[in-house]
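Analysis of the macromolecular model
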Amino acid sequence: MTYEYLYGEIKSVLGDGARAYCQYLLDKNPEELLFDKREVPDDLLSKHAEYSERIRTGEPIQYVFGYAPFYDLYIDCAPGVLIPRFDTEVLAEEAIKTLPENAYFADLCCGTGCIAAAVLKHREDVFALCLDISDKALECTEKNLKKYGLEGRAETRKFDVFSSWDGLPPLDAILCNPPYVNAKNMMTLPENVKKEPSEALYGGEDGLDFYREIIKKSKNHFKDKTHIIFEIGYDEADALRKLTDGKCVIKKDLSNNDRVCIIRG
Ligand SMILES: C[S@@+](CC[C@H](N)C(=O)[O-])C[C@H]1O[C@@H](n2cnc3c(N)ncnc32)[C@H](O)[C@@H]1O
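Basis of the calculations
- Here the residue numbers are simple positions, counted from 1 along each chain's written sequence.
- Totals for whole chains, interfaces and linings use every residue, but because this is a predicted model, local features are given only for residues with pLDDT of at least 70 and side-chain atom pairs only at 80 or more, for both listing and counting.
- For the side-chain quantities, the full set of heavy atoms in the structure was used; hydrogens and water were omitted.
- Put simply, a residue is near a molecule or strand once any heavy atom of it comes within 4 Å of that molecule or strand.
- Think of a polar contact as two N or O atoms within 3.5 Å of one another; within protein, one of them needs to be a possible hydrogen donor and the other a possible acceptor, and neighboring residues in sequence only count if both atoms come from side chains.
- Residues are sorted three ways: Asp, Glu, Lys and Arg are charged, Ala, Val, Leu, Ile, Met, Phe, Trp, Tyr, Cys and Pro are nonpolar, and all the rest, Gly among them, are polar.
- Note on exposure labels: buried denotes an accessible area under 20% of the residue type's maximum, exposed denotes more than 50%, and partly exposed covers the range between, all computed with a 1.4 Å probe on protein chains only.
- Numbered from the N terminus, helices here are DSSP runs of H or I no shorter than four residues, and strands are runs of E no shorter than two.
- Pairing between strands requires that DSSP locate at least two bridges from one strand to the other.
- For helices, the fitted line uses only the C-alpha atoms of the stretch in contact; every axis is such a line through C-alpha atoms, and the angle between N-to-C directions lies from 0 to 180 degrees.
- When checking whether two residues touch, look at their non-hydrogen atoms; a contact exists if any pair is within 4.5 Å.
- For every domain, the bounds stem from an assignment made automatically or drawn from a database.
- When the centres of two rings from Phe, Tyr and Trp lie within 6.5 Å, Trp using its six-membered ring, the rings pair. Their planes under 30 degrees apart give stacked, over 60 give edge-to-face, and anything left gives tilted.
- Think of a nonpolar core as a cluster: buried Ala, Val, Leu, Ile, Met, Phe, Trp, Tyr and Cys residues, connected wherever their side-chain atoms sit within 4.5 Å.
- Helix span, expected: 1.5 Å multiplied by one less than the number of residues in the helix.
- By definition in this entry, angles of less than 35 degrees are roughly parallel, angles greater than 145 are roughly antiparallel, angles of 65 to 115 are roughly perpendicular, and the rest are oblique.

1. Points about the site of the ligand
Around the ligand there are 21 residues in total, and Cys109, Asp132, Asp160, Val161 and Asn177 lie nearest to it. Between Ile133 and the ligand, the recorded distance is 3.3 Å, taken from a backbone N or O atom to a nitrogen atom. A distance of 2.9 Å is found between a nitrogen atom of the ligand and a side-chain nitrogen or oxygen belonging to Asp160. Residue classes in the shell around the ligand are distributed as 14 nonpolar, four polar and three charged.

Here it is in structure tokens:
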């Protein structure tokens, strides 16, 4: 089978997903494959047969390949841990720009550790405490920190946002992409998102449980001034303004949706 033919087959099955698939499997963009009449080696064809079958049955492409691009990193991910989203890069970017010098920050609800890894890589002066309730997530975070040689500036710890915060050290900042999908929207998740852990998505009846808890509990946990950077749902900006008595700044993502809420004081 030629690369050109293989691309046609991938495109007919995956549609818009074909670009990402070609990049993962062949390390090539579709434009490079369109007129390539060379034969695809057998080992790539057998990988293609396995991967395309898994994707056909609904497994997210990032779980199949075991990683997802995030910022300028390739973050390892595995079933049971939320796949990093491009939208979350806005939060990481904001932290890289605004964390004070030598900051000690928490990546709260760290999942794969994508936020901490991107921030630590681009800010060599800062230190992270990565917290999550899920053992699988913490394992993934540790793997990613090691992958980029960042483990010396980070600690991972099992932690439940709704438990006591007494054991947490004083922080300069909290970065957090919490579960924020409300009960109604949980009923209509796309099929591929349903393959991700619901504990990483569900934020309570109105989607705001984690924001309320973190805003309340973090009050006595900053070394100096409050510095929280949250990811929020595209329709949650007004709710966050209310929760903070208007003392927050909302930033948009690349699709022009409200995506980040910054609370500083
Ligand atoms: C939306 S995911 C974010 C993951 C990662 N920060 C990212 O941006 O891709 C939310 C994370 O919160 C964790 N989580 C859920 N409930 C929690 C709780 N009560 N305390 C701490 N972490 C929790 C989940 O395990 C999941 O990893």
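2. Here we look at the pairing of strand β1 (residues 67-70)
Going residue by residue along β1, you find Ala68 and Phe70 tucked away on one face and Tyr67 and Pro69 left uncovered on the opposite face. Relative to strand β2 (residues 73-76), β1 is paired through four bridges, and the arrangement is antiparallel. Residue pairing across strands places Pro69 opposite Tyr74, the latter belonging to β2. The hairpin turn running from β1 into β2, its antiparallel successor, is two residues long, and Tyr71 in that turn takes a positive phi close to 55 degrees.

3. So, the sheet that holds strand β5 (residues 154-158)
Here we have seven strands laid out as an open sheet, ordered β5-β4-β3-β6-β7-β9-β8, and mixed in their pairing. Where the open sheet ends on each side, the last strands, each with one partner, are β5 and β8 (249-252). Across this sheet, the average inter-strand angle for adjacent strands is 20 degrees, counted without regard to direction. The pairing of strand β7 (residues 227-231) with strand β9 (residues 258-264) spans five bridges and is classified as antiparallel. Across the sheet, the residue bridging to Glu231 is Val260, located in β9. Where helix α7 (residues 114-122) meets the sheet, it contacts β3 (104-108), β4 (127-132), β5 and β6 (173-176), and its direction lies at approximately 155 degrees from that of β3.

4. Describing the domain arrangement of the protein
Domain annotation for the protein reports domain 1 (3-57) and domain 2 (78-264). A separation of 34 Å is found between the C-alpha centroids of domain 1 and domain 2.

5. Some words on the packing of aromatic side chains
Counted by the stated rule, this structure contains eight aromatic pairs. An angle of 75 degrees between the planes, with centres 4.9 Å apart, marks the rings of Phe162 and Phe210 as edge-to-face. Taken together, the positions of Phe162 in the loop between β5 and β6 and Phe210 in helix α10 (residues 209-217) put the pair 48 residues apart, joining distant regions of the chain. A residue is classified by how much of its surface remains accessible, and Phe210, at 13% relative accessible area, is buried. Members of the aromatic cluster, connected to one another through ring pairs, are Tyr21, Tyr24, Tyr51, Phe65, Tyr67 and Tyr74.

6. Concerning the nonpolar core
Leu99, Phe105, Val119, Leu120, Val126, Leu175 and Ile229 are the most contacted members of the largest nonpolar core, which totals 30 residues. Looking at this core, the elements with two or more residues in it are β2, α6 (89-98), α7, β4, α8 (135-147), β6 and β9. Tallying contributions element by element places α7 first for this core, with seven residues. Ignoring sequence-local partners within four residues, the contact set of Leu120 consists of Phe105, Val126, Phe127, Ala128, Leu145, Leu150, Arg153 and Ala154. Residues Cys176, Ile215, Phe222 and Ala237 belong to the second largest nonpolar core, which totals 29 residues.

7. Thoughts on the environment of Leu91
Among the structural elements, Leu91 can be located in helix α6. A sequence separation of 147 residues divides Leu91 from Asp238, and the C-alpha atoms of the two residues are 18 Å apart. Not counting chain neighbours up to four residues away, the residues in contact with Leu91 comprise Ile115, Leu175, Cys176, Asn177, Ile229, Phe230, Glu231 and Val260.

8. Things to note about α8
Taking 1.5 Å per residue as the helical rise, α8 with its 13 residues ought to reach 18 Å, and the 18 Å between its terminal C-alpha atoms agrees with that figure. Looking at the buried residues of α8, the elements they touch are β2, α7, β4 and β5. Downstream of α8 by one or two residues, Gly149 has phi in the positive range, about 65 degrees.

9. Notes on the packing of helix α1 (residues 3-14) against helix α4 (residues 42-56)
As a packed pair, α1 and α4 sit with axes 12 Å apart at the nearest point and diverge in direction by 5 degrees. When the axis of α1 is compared with that of α4, the two are roughly parallel. Here Tyr3, Leu6, Glu9, Ile10 and Leu14 of α1 come into contact with α4, specifically with Leu44, Leu45, His48 and Ile55. Looking at side-chain class alone, the contact of α1 with α4 contains seven nonpolar, one polar and one charged residues.

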